[in-house]
Amino acid sequence: MIDHISVGVSDLERSARFYEATLAALGLSRLVTRPATIGFGKTYPEFWINLRAGMAPVPPESGTHICLRAKATGDIDAFHAAALKSGGRSDGAPGLRPHDRVKYYAAFVIDPDGNRIEAVTFPSE
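Residues numbered from 1 in each chain as written. Predicted model: local features only at pLDDT ≥ 70, side-chain atom pairs only at ≥ 80, totals over all residues. Heavy atoms only, no water.

- The name given to the protein in an unreviewed UniProt entry is Catechol 2,3-dioxygenase-like lactoylglutathione lyase family enzyme, with the source organism recorded as Bradyrhizobium algeriense.

Structure follows, in structure tokens:
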């Protein structure tokens, strides 16, 4: 089981603005602020951003991908819209993604440093 995750960011304040808006759509808020790290969560910090001042942008081929669970498709739509409005880029618009074993509704974004973040829910119909 995963307790928490963290991503490196090159500009803590820029990324704080991005993640505050984007994660709010999934019910997470800023819970901890330290000089070089910020933790977001519902009741405890589950998602951290850590300042890495000399960090180069994450290359697209890095393979790093973080997926967060949403309660409903509307939350995913809001997540994607907030990410784009806050300096992120789309890596896959919100939509249903049917597969052999399961269908799911998801959106994929790239934060200002190149970290790939997904939000997903599994509709019952």
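### Looking at the overall build of the protein
Inference 1: Check the secondary structure of the protein and you find 2 helices and 8 strands.
Inference 2: Ordered by position from the N terminus, the helices and strands of the protein form the series β-α-β-β-β-β-α-β-β-β.
Inference 3: A compact globule built from 125 residues should have a C-alpha radius of gyration of about 14 Å, and the protein, at 14 Å, falls within 12% of that.
Inference 4: Considered along the principal axes of its C-alpha atoms, the protein spans approximately 45 × 35 × 30 Å. (Helix = DSSP H or I, 4+ residues; strand = E, 2+ residues; numbered from the N terminus. Rg over C-alpha atoms; globule rule 2.2 N^0.38 Å.)

### What about the sheet that holds strand S5 (residues 66-69)?
Inference 1: Taken in spatial order, the 4 strands line up as S5-S8-S7-S6 in an open sheet, and their pairing is mixed. The sheet is open, and its two edges are formed by S5 and strand S6 (89-98), each paired on a single side. With direction set aside, neighbouring strand axes in the sheet form an average angle of 20 degrees.
Inference 2: Across 6 bridges, the pairing between strand S7 (residues 103-110) and strand S8 (residues 116-121) is antiparallel. Within the sheet, the bridge partner assigned to Ile110 lies in S8 and is Arg116.
Inference 3: Across the face of the sheet, helix H2 (residues 73-85) comes into contact with S6, S7 and S8 while running at roughly 15 degrees to S7. (Pairing = 2+ DSSP bridges. Axes fitted to C-alpha atoms, helices over the stretch in contact; angles between N-to-C directions. Contact = heavy atoms within 4.5 Å.)

### Quick word on the UniProt feature "domain: VOC" (unreviewed entry) in the protein
Inference 1: UniProt's feature table lists "domain: VOC" (unreviewed entry) at residues 1-122, given in the numbering used throughout.
Inference 2: Within the segment residues 1-122, helix and strand shares are 21% and 42% respectively, and the terminal C-alpha atoms sit 20 Å apart. (UniProt positions renumbered as here; feature names shortened; annotations may be inferred.)

### As for the pairing of strand S3 (residues 37-41)
Inference 1: Among the 5 residues that make up S3, 5 are buried, leaving the element largely enclosed by the rest of the structure.
Inference 2: Side-chain alternation along S3 places Thr37, Gly39 and Gly41 on one buried face and Ile38 and Phe40 on a second face that is also buried.
Inference 3: The hairpin turn running from strand S2 (residues 29-34) into S3, its antiparallel successor, is 2 residues long.
Inference 4: In the sheet, S3 pairs with strand S4 (residues 45-51) via 5 bridges, with the strands oriented antiparallel. Residue Ile38 lies in a different strand from S4, and its bridge partner there is Ile49. (Buried < 20%, exposed > 50% of the residue type's maximum accessible area, 1.4 Å probe, protein only.)

### Remarks on the sheet that holds S4
Inference 1: The strand order S1-S4-S3-S2 describes an open sheet built from 4 strands, whose pairing is mixed. What marks the edges here is a single partner per strand, and that holds for strand S1 (5-9) and S2. Between one strand and the next, the sheet's axes are offset by a mean angle of 20 degrees, whatever the strand orientation.
Inference 2: Here S1 pairs with S4 via 5 bridges, running parallel. Looking across to S4, one finds that Ile5 is bridged to Phe47.

### Points about the packing of helix H1 (residues 12-24) against H2
Inference 1: At a minimum axis separation of 7 Å, H1 and H2 run at an interaxial angle of 160 degrees. Relative to H2, the element H1 lies roughly antiparallel. The element H1 and its partner H2 pack so that their crossing is right-handed. Here Phe18, Ala21 and Thr22 of H1 lie close against H2, whose contacting residues are Phe79, Ala82 and Ala83.
Inference 2: Residues of the contact of H1 with H2, tallied by class, amount to 5 nonpolar, 1 polar and no charged. (Parallel < 35°, antiparallel > 145°, perpendicular 65-115°, else oblique. Left-handed = near helix turned anticlockwise from the far one by under 90°. Nonpolar A, V, L, I, M, F, W, Y, C, P; charged D, E, K, R; others polar.)

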